[in-house]
Amino acid sequence: MSDMSQIGACLPVTLAQAWPKRAFDIAVALALLAVIVPVTVVLVVLNPLLNAGPLIYRQDRMGYLCRPFAAYKFRTMRPAKGAMRGAFDALEVDRITVLGRFLRKTRLDELPQIINVLRGDMSLIGPRPDSYEHACVYLREVDGYAARHAVRPGVSGLAQTEVGYVDGLDGIRRKVAADLHYIAHASFRLDLWITWRTLLVVVARKGC
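Residues numbered from 1 in each chain as written. Predicted model: local features only at pLDDT ≥ 70, side-chain atom pairs only at ≥ 80, totals over all residues. Heavy atoms only, no water.

## Considering the packing of aromatic side chains
Each aromatic ring pair is summarised here by two numbers: the centre-to-centre distance and the angle between the ring planes. If you walk through the whole model with that rule in mind, you get two aromatic pairs. Plain terms: the ring middles of Tyr138 and Tyr145 are 5.3 Å apart, the flat faces sit at 70° to each other, and that makes the pair edge-to-face. According to the relative accessible area criterion, Tyr138 is buried, its value standing at 4%. Accessibility expressed as a relative area gives 0% for Tyr145, which makes it buried. (Phe/Tyr/Trp six-rings, centres within 6.5 Å; stacked < 30°, edge-to-face > 60°. Buried < 20%, exposed > 50% of the residue type's maximum accessible area, 1.4 Å probe, protein only.)

What follows is the structure, encoded as structure tokens:
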């Protein structure tokens, strides 16, 4: 099955469902701007001391219909000295800075992606987008991977709350299975449940 036919076979979201979801995304994203501003002010002060370098990290990721887009995060890692991490390699935890570790544990590093939500690149809830370079590998190696791009990627998603951080081929397969389950059962109620589960993860500092 081709990438596009995989996506077409996994399109459960009707226009009637898509507009309320988009309206909810915009309303919550606008409300969260009130959180981003003070957090950014604090990080502007702390970043030179605990996370020397640029505050914002930009990365090309694979989005809706497998199209690339620029995603934004608060930077949490030092620049890589050698070759970039491979698609199935473990996270390079030795590169995470002191401030970056806190940002990742609390998921505050994801806050700039609210801008991506407002731009329409992402939704609040959906499959988490992978780096574009890694995603191109997963398209070839992981069955069903293309189909997870039948909806906008999310700031949080079912795989993040129920599977957690993964690496390796088996881990990516578990993540994809959760993403396809989400797409097959997409509903506003499910989005609200994932939002609640995300808040619990943030409070428990279960990020990585």
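## Looking at a nonpolar patch on the surface
A cluster of nonpolar residues, Val42, Val45, Leu46, Leu49, Leu50 and Val98, forms a patch on the protein surface that exposes about 550 Å² of accessible area. If one sorts the elements of the nonpolar patch by residue count, helix 2 (residues 15–50) sits on top with five residues. Note on Leu50: relative accessible area 37%, which makes it partly exposed. (Patch = residues over 30% accessible without salt bridge, like charges linked within 9 Å, V, L, I, M, F, W, Y side chains within 5 Å. Areas by Shrake-Rupley, 256 points an atom, 1.4 Å probe, with all protein chains shown as cover. Salt bridge = Lys/Arg side-chain N within 4 Å of Asp/Glu carboxyl O. Helix = DSSP H or I, 4+ residues; strand = E, 2+ residues; numbered from the N terminus.)

## Quick notes on the nonpolar core
Leu43, Phe74, Val117, Tyr182 and Ile194 are the most contacted members of the largest nonpolar core, which totals 23 residues. It is helix 2 that contributes the most residues to this core, four residues altogether. Setting aside residues up to four positions removed in sequence, Ile194 forms contacts with Ile125, Ser156, Gly157, Leu158, Thr161 and Tyr182. Formed by 11 residues, the second largest nonpolar core is a distinct cluster that contains Met62, Cys66, Tyr138 and Ile172. (Core = buried A, V, L, I, M, F, W, Y, C linked by side-chain atoms within 4.5 Å. Contact = heavy atoms within 4.5 Å.)

## Quick notes on the side chain of Asn47
Considering the arrangement of structural elements, one finds Asn47 in helix 2. The buried category is assigned to Asn47, whose relative accessible area is 4%. For Asn47, the side chain forms a polar contact with the main-chain oxygen of Gly53, separated by 2.7 Å. When neighbours within four sequence positions are excluded, Asn47 is seen to be in contact with Ala52, Gly53, Pro54, Leu55, Arg75 and Leu99. (Polar contact = N/O pair within 3.5 Å; in protein donor to acceptor, adjacent residues only side chain to side chain.)

## Regarding the pairing of strand 1 (residues 56–62)
Examined bridge by bridge, strand 1 and strand 2 (residues 68–74) share seven bridges and lie antiparallel to one another. Across the sheet, Met62 pairs through a bridge with Pro68, a residue of strand 2. (Pairing = 2+ DSSP bridges.)

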